[in-house]
Amino acid sequence: MLSASYFAQQLINGIVLGSMYSLLALGMTVVYGILRLINFAHGAFVMLGAFFIYFLTSLWNVPFPLALVALAIFGGVMGVFYDTVGFRKLRGRGELPLLITSLGIYIFLENLAKMIFSPQSYAFSAPDYFYDRISLGNVSIANIDVFTIASSIIIVVAFSLFLRKTKVGIAMRATAEDLEAARMMGINIDKVILTAFIIGTAIAALTGFMWGAKYSSIQYNIGFMIGVKAFVAVVIGGLGSVAGSMLGGYILGIAEILTVGLLPPGYAPYRDGIVFTLLVIILLTRPSGLLGQKEEVRI
Amino acid sequence: MKKDMTKGILTIVLFFIILWIAQQNLNKYVMFIIDLIGVYMLIVLSLNLTNGYTGLFNLGHAGFMAVGAYTSVLLTFPAAARKFAALPYLPPWLGGPNYQWPFLPALLMGGILAALLAIPVGLPALRLRGHYFAVMTLGFMIIMETIAINARGLTRGALGINAIPTYTNVFWTYGWILIFLYIDIMLMRSSYGRAMLAIREDEIAAQAMSINLTKYKMVPFVLSAFFQGIAGGLFAHLTTNISPYDFSFDLTFATIIMLIIGGSGTMTGAILGTSILTALSFALKPVEEGLRLYGLIELIYSALLIIVMIKWPLGISGGNEWTLDYIARKLRLKRKDTYTT
Amino acid sequence: MLKLDKVDVYYGAIQALRGVSIKVDEGKVVSLIGANGAGKTTTLKTVIGLLKPKKGKVIYKGENIAHLSSHKRVKMGISIVPEGRRIFSRLTVLENLMIGAYTREDKGIKDDLNFVMDLFPILRERENQLAGTLSGGEQQMLAIARALMGRPELLLMDEPSLGLAPNIVIEVYKTIKEINKRGVTILLVEQNVNMAQRVSSYMYVLENGIVNISGTPQNVVSLDEIKKAYLGG
Ligand SMILES: Nc1ncnc2c1ncn2[C@@H]1O[C@H](COP(=O)(O)OP(=O)(O)O)[C@@H](O)[C@H]1O
Ligand SMILES: [Mg+2]
């Protein structure tokens, strides 16, 4: 029997998942806006971030807030490597080579993790206070869920402000609209792109913590589906749109959890299929997404 | 022209004689590897029709393989063993509960179903540009995998199907490759093939020359799905057990990497890439297991992919078909170089 | 101020400029005219650094800048008004202007903002509007203002009269004169020879990537072939 409180609980789970998709979609959409790169490797940084903070807190007992800061920095450094090793050398080579390279980098990172951490899954736990629950009438919500929802809102708002108010943010929007004109204005686009990657991977690494804390287990191969689904969220919301990535993330997260929650048990494996059916429908009926602008073809 | 033909036929006959001698003398494991290389080669060659010639970056080929594999297995599975294996009996219109299909028609049926499925998939997907097509076909592959996991009555779900009769041998695999190569060469010599290449070079210009894009993309897409279906059947009857995870990310990416490293857009590139990388993976397998470095092979594959993408985007073949003439010319050029220095 | 010395530029295998040499003296307006596809835009892109010459030198203030990146060149005082304006339509007018000053770190940005808004009062009225909502003429003003925000010593202008109504073209050219009077050196690319000759002190004619004719505007315009090709007889 579907009670109202069961439904509300599932809705919260959907919003939490949606928050994580939003955060990842944000990083993807920014990079996509500038480079037209569908960043398959984005999910790898979620996985690496999760392992990074796992080792910091569980093994080396680094105090949690400090570990979170270290995690963001670690994510940023990965972004630097990712851009300089992979994409700087591929400027101007078109969309597919970029996509293929990101796929290659994803496979590389996943298997590196498999070799280092072994194929087994690790029990992940955040500090105890994250699992205390706040009760709201019939439903209750864990602190980790509040943390995830609040962080995603704060990060998305902060990022929007960054895009509106700062010099680099404005340059980022200009570069996304017209890369060549941006170069003519003296914008160092390599720096802009690097900044976009750093922000995106740092957010992805932080999401790794939220993911591990929510689902209590991490494994070398969690990244791919997360990354691909975040891209689906980007497409739903509209490529290049920050608000769209948030909207797309929530829609996808809620849709996914509700299909699992409402379908009879045993149909859970269909959820990935449902996500992609959603993608197919959006691509066919509204390729610029819910809030996106029509994109120019960039050669 | 006539001389070419005799030469070609002689080469083929010689090749099959060598295969026969190999089969008589080499051990089972080595023959299995040679067979598997053949199956992969058929996948990669057919992938080259879309990803190489036409510039359609298809990531859905594992889905078509799954169709071919499950179809062929369901049709050929021994009637007596079905109950024990929890597989359905054939309905009357397919021969009834006591019937099991011979290999060839079952294989063909798998290919045909895969090709038929490619039409409704292609109609919408082929209208999408560049990397959207890639993502959409990836979605197709994932949807197919979900179905294979959930349609337990047909596929036994995640458990997979075991004890599939072994039918595949080198004559089957390399025979199909031969058929494929013949069709591929004929296609690329036709005006159709030239239009496909034109689409790859410049989609907008091709449209301006009023090439009906979807039509010219559909033929290679459906044709490659057919051969992927065949390859799926060959794969099932070679490894003798299949599960949905056999037709998933690992296979998708491994074959994509083979094509790109060998050189997209050339048959010889596809052949080289498949042979080298598959052989490499079997050579590395003892190392991986001995050192317990699981993932080592994929790590090397992907590192090679990244390096190739950055340094040699045309792959090993360099965008040229390595025909005997081409190799001879290259060698001659090299020799000239050494004279002048 | 600027000298191109036997510059060859390629797009892949296609050669777009063949041994182009031009000279722009400080404080002057020099124009480069030529038909569609002659290589005018290519020349400007080579000066601003979007394209790198395969051969030859780009000398700016005595230094060969041929291999410097664009942002360094902009920082050295080169600005461009690109062909087709290329304003950022999803940014506000004010944001577009700030992008023009992107490479600057000095304190004078605010003054320059006031200066360009005095020059084009319409931009002040529209400062918080998205640039994409401006009319064609207003967008051209914005493109010029944006370039001025870089406080250029050398201003490159690519067909500033393209697609504008005649009265607006006249206004644009008034502005060009005004800017030059304030000491900005200008390299002007035009197909509108009639307008270009009025402001220039020297002219180069580009044909298929080669400069064959150059001279004072009076001399160039009096040539029959120029009259025929650009001035309607
Ligand atoms: N991105 C490009 N790729 C290849 N060829 C180009 C490109 N841009 C311009 N060209 C070619 O270079 C030549 C000069 O072009 P351009 O400098 O734009 O001419 P103009 O500005 O005088 O009209 C033309 O033949 C044009 O076709
Ligand atoms: Mg031009």
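All values reported here derive from a predicted model rather than from experimental measurement.

Colleague: Is there a simple way to think about the sheet that holds strand S9 (residues 202-207) of chain C in this case?
Modeller: Pairing between sheet strands relies on hydrogen bonds along the backbone, with the strands arranged either parallel or antiparallel. Residues and elements named next belong to chain C. Ordered in space as S6-S7-S8-S3-S9-S10, the six strands form an open sheet in which the pairing is mixed. Only two strands of the sheet have a single neighbouring strand rather than two, namely strand S6 (78-81) and strand S10 (210-215). Neighbour-to-neighbour, the strand axes of this sheet turn through a mean angle of 20 degrees, independent of strand direction. Direction of pairing for S9 relative to S10: antiparallel, over a ladder of five bridges. From the neighbouring strand, Val205 faces S10, where its bridge partner is Ile213.

Colleague: I'm lost on the site of ligand 1 in this one. Help?
Modeller: Residues and elements named next belong to chain C. Every residue close to ligand 1 is listed here: Tyr11, Ala16, Ala35, Asn36, Gly37, Ala38, Gly39, Lys40, Thr41 and Thr42. Contact distances for ligand 1 include 3.4 Å between a nitrogen atom and a side-chain N or O atom of Tyr11. One of the backbone N or O atoms of Gly39 is found 2.9 Å from an oxygen atom in ligand 1. Protein burial of ligand 1: of its 550 Å² of free accessible surface, 59% is covered by the chains. Looking at the shell around ligand 1, the element that brings in the most residues is helix H1 (residues 40-48), giving three residues. Looking at side-chain class alone, the shell around ligand 1 contains four nonpolar, five polar and one charged residues.

Colleague: I'm lost on the nonpolar core in this one. Help?
Modeller: Within soluble globular proteins, side chains that are nonpolar generally end up buried alongside one another. One finds A:Phe209 and B:Ile242 to be the most contacted residues of the largest nonpolar core, which totals 248 residues. Top contributing element to this core by residue count: helix H1 (residues 4-35) of chain A, with 15 residues. Setting aside its immediate chain neighbours within four residues, A:Phe209 contacts A:Ala50, A:Ile53, A:Phe64, A:Leu68, A:Leu71, A:Phe124, A:Ala126, A:Phe130, A:Ile144 and A:Phe147. Within the second largest apolar cluster, 45 residues are counted, among which are C:Ala143, C:Ile144, C:Leu155 and C:Val184.

Colleague: What is the right way to look at the packing of H1(A) against helix H5 (residues 143-165) of chain A in this model?
Modeller: Residues and elements named next belong to chain A. Where H1 meets H5, the axes come as close as 9 Å, and the angle between the chain directions of the two elements is 30 degrees. The pairing of H1 with H5 is recorded here as roughly parallel in orientation. In this structure, H1 crosses over H5, and the sense of that crossing is left-handed. Counting all contacts with H1, which are made through Ile12, Asn13, Ile15, Val16, Ser19, Met20, Leu23, Leu26 and Val30, the residues of H5 involved are Asp145, Thr148, Ile149, Ser152, Ile155, Val156 and Phe159. Residues that form the contact of H1 with H5 fall into these classes: eleven nonpolar, four polar and one charged.

Colleague: Help me understand the interface of chain A and chain B, please; the structure alone is not making it clear to me.
Modeller: In many analyses, interface size is given as the accessible surface area lost on bringing the parts together. Across the contact, 43 residues belong to chain A and 38 residues belong to chain B. Taken together, the two surfaces of chain A and chain B that pack against each other cover about 3700 Å², and 80% of this comes from carbon and sulfur. There are zero salt bridges connecting chain A and chain B. The interface formed by chain A and chain B contains four residue pairs in polar contact (both at pLDDT 80 or more). Within the residue set of the side of chain A that touches chain B, elements represented by two or more residues are helix H3 (64-87), helix H4 (95-117), helix H9 (223-237) and helix H11 (270-285) of chain A. The greatest single-element share of the side of chain A that touches chain B, amounting to 15 residues, is contributed by H4(A). Of the residues belonging to the side of chain A that touches chain B, the class tally is 29 nonpolar, seven polar and seven charged.

Colleague: When you look at a positive patch on the surface in this model, what are you seeing that I'm missing?
Modeller: All names here are of chain C. Residues Lys3, Lys6, Lys23 and Lys57 make up a contiguous surface patch of positive charge. Locating Lys57 in the fold gives a position in strand S4 (residues 55-60). A residue is classified by how much of its surface remains accessible, and Lys57, at 41% relative accessible area, is partly exposed.

Colleague: Is there a simple way to explain the pattern of salt bridges in this structure?
Modeller: Pairing between side chains becomes possible if they bear opposite charge and their charged atoms approach one another. Residue and element names in this part refer to chain A. Within this structure, the stated rule accounts for 19 salt bridges over all chains. Asp190 is the partner of Arg91 in a salt bridge, and the nearest nitrogen-oxygen pair spans 2.3 Å. Here Arg91 is found in the loop between H3 and H4, whereas its partner Asp190 is found in helix H8 (residues 189-215), with 99 residues between them in sequence. Given the relative accessible area of 24%, Arg91 is considered partly exposed. For Asp190, a relative accessible area of 28% corresponds to the partly exposed category.

Colleague: Is there a simple way to think about the pairing of strand S1 (residues 2-11) of chain C in this case?
Modeller: On a regular strand, one side chain projects to one face of the sheet and the next to the other, so that they alternate. Residues and elements named next belong to chain C. Here S1 runs beside strand S2 (residues 14-24); their pairing, made up of seven bridges, is antiparallel. Residue pairing in the sheet places Val9 in a bridge with Leu17 of S2. Here five bridges tie S1 to S4, and the two strands are oriented antiparallel to one another. When the sheet's bridge partners are listed, Leu2 is paired in S4 with Tyr60.

Colleague: Explanation requested: the packing of helix H2 (residues 28-54) of chain B against helix H12 (residues 249-262) of chain B in the structure shown.
Modeller: Two measures define how a pair of helices packs: the angle their axes make with one another and the distance between the axes. Residues and elements named next belong to chain B. Running from amino to carboxyl end, H2 crosses H12 at an angle of 70 degrees, the nearest separation of the two axes being 9 Å. It follows that H2 is roughly perpendicular to H12 by the angle criterion. Two secondary-structure elements touch here, H2 through Tyr40, Ile43, Val44, Leu47, Asn48 and Asn51 and H12 through Leu251, Thr255, Ile256, Met258 and Leu259. Classifying every residue of the contact of H2 with H12 by side-chain character gives eight nonpolar, three polar and no charged.

Colleague: What's the story with the environment of A:Met210 in this structure? I'm lost.
Modeller: Residue and element names in this part refer to chain A. If you trace the backbone, Met210 turns up in helix H8. Classification of Met210 as buried rests on a relative accessible area of 3%. Counting along the chain gives 181 residues from Met210 to Thr29, while the straight-line C-alpha distance between them is 20 Å. Not counting chain neighbours up to four residues away, the residues in contact with Met210 comprise Met20, Leu23, Phe147, Thr148 and Ser151.

Colleague: How should the coordination of the magnesium ion (ligand 2) be read in this particular structure?
Modeller: A metal bound by six donors in octahedral fashion has ideal angles of 90 or 180 degrees, whereas one bound by four tetrahedral donors has an ideal angle of 109.5 degrees. For the magnesium ion (ligand 2), the full set of protein donor atoms is C:Thr41 (OG1) and C:Glu83 (OE), at a range of 2.0 to 2.2 Å. Here the residue C:Thr41 occupies a position in helix H1, and C:Glu83 occupies one in the loop between S6 and helix H3 (93-100), the gap between them amounting to 42 residues.

Rules and cut-offs
- Residues numbered from 1 in each chain as written.
- Chains lettered and ligands numbered in written order.
- Predicted model: local features only at pLDDT ≥ 70, side-chain atom pairs only at ≥ 80, totals over all residues.
- Heavy atoms only, no water.
- Pairing = 2+ DSSP bridges.
- Helix = DSSP H or I, 4+ residues; strand = E, 2+ residues; numbered from the N terminus.
- Axes fitted to C-alpha atoms, helices over the stretch in contact; angles between N-to-C directions.
- Near = heavy atom within 4 Å.
- Polar contact = N/O pair within 3.5 Å; in protein donor to acceptor, adjacent residues only side chain to side chain.
- Areas by Shrake-Rupley, 256 points an atom, 1.4 Å probe, with all protein chains shown as cover.
- Nonpolar A, V, L, I, M, F, W, Y, C, P; charged D, E, K, R; others polar.
- Core = buried A, V, L, I, M, F, W, Y, C linked by side-chain atoms within 4.5 Å.
- Buried < 20%, exposed > 50% of the residue type's maximum accessible area, 1.4 Å probe, protein only.
- Contact = heavy atoms within 4.5 Å.
- Parallel < 35°, antiparallel > 145°, perpendicular 65-115°, else oblique.
- Left-handed = near helix turned anticlockwise from the far one by under 90°.
- Buried area = accessible area lost by both parts, 1.4 Å probe.
- Salt bridge = Lys/Arg side-chain N within 4 Å of Asp/Glu carboxyl O.
- Patch = residues over 30% accessible without salt bridge, like charges linked within 9 Å, V, L, I, M, F, W, Y side chains within 5 Å.
- Lys, Arg positive; Asp, Glu negative; His and termini not counted.
- Charge placed at Lys NZ, Arg CZ, Asp CG, Glu CD.
- Donors = N, O, S within 2.8 Å, 3.2 Å for Na, K, Ca; no water.

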